[in-house]
Amino acid sequence: MQEYVGDCIKCGRNIYCHDGFIGAVVTEPGKMVCFECMERQNEENKKDIKSDNQKLFIGKQKKDT
Ligand SMILES: [Zn+2]
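Residues numbered from 1 in each chain as written. Predicted model: local features only at pLDDT ≥ 70, side-chain atom pairs only at ≥ 80, totals over all residues.

Attention shifts here to the overall build of the protein chain. Across its full length, the protein chain holds 1 helix and 5 strands. In the protein chain, the succession of helices and strands from N to C terminus is β-β-β-β-β-α. Here the protein chain has a C-alpha radius of gyration of 18 Å; the compact-globule value for 65 residues is 11 Å, and the former is much larger. For the protein chain, the C-alpha atoms occupy an extent of roughly 65 × 20 × 20 Å along the three principal directions. Residues classed as buried in the protein chain amount to 9% of the 65 residues present. (Helix = DSSP H or I, 4+ residues; strand = E, 2+ residues; numbered from the N terminus. Rg over C-alpha atoms; globule rule 2.2 N^0.38 Å. Buried ≥ 20, exposed ≤ 12 C-beta atoms within 10 Å, placed from the backbone.)

Strand direction decides the pairing type here: strand S1 (residues 2–7) and strand S2 (residues 14–18), joined by 5 bridges, are antiparallel. Within the sheet, the bridge partner assigned to Glu3 lies in S2 and is Cys17. Hairpin connection between S1 and S2: a loop of 6 residues separates the two successive antiparallel strands, and Gly12 in this loop has a positive phi of roughly 80°. Bridge analysis of S2 against strand S3 (residues 21–22) gives 2 bridges, and the strand direction is antiparallel. Residue pairing in the sheet places His18 in a bridge with Phe21 of S3. Following S2, the chain reverses through 2 residues before pairing antiparallel with S3; Asp19 in that reversal takes a positive phi of roughly 50°. (Pairing = 2+ DSSP bridges.)

We now examine unusual backbone geometry. The phi dihedral of Asp19 is positive, around 50°, even though this residue is not glycine. Within the secondary structure, Asp19 is located in the loop between S2 and S3.

With that settled, the discussion passes to the nonpolar core. Core analysis: the largest hydrophobic core is formed by 6 residues, namely Cys8, Ile15, Ala24, Met32, Val33 and Cys34. If one sorts the elements of this core by residue count, strand S5 (residues 31–34) sits on top with 3 residues. What Ala24 contacts, discounting residues up to four positions off in sequence, is Cys8, Ile15, Met32, Val33, Cys34 and Phe35. (Core = buried A, V, L, I, M, F, W, Y, C linked by C-beta atoms within 7 Å. Contact = placed C-beta atoms within 7 Å.)

It is worth spelling out the sheet that holds S3 at this point. On the basis of which strands lie adjacent, the open sheet formed by 3 strands has the order S1-S2-S3 and antiparallel pairing. Each having just a single partner strand, S1 and S3 make up the two edges of the open sheet.

Here it is, written out as structure tokens:
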């Protein structure tokens, strides 16, 4: 049995509950992200962390000189 529970806040895809299993990750009450967008977001977060570290490193270098 499928029950509609809401939309993905990223791509707007309808999210359904399958036998008590929600096909998405609930990030905040009433906000959910489908697994596909969650994976994409994780990939982007990895990149963001990398570039943030780079910025920190550059900032530190400037401070030291
Ligand atoms: Zn999505």
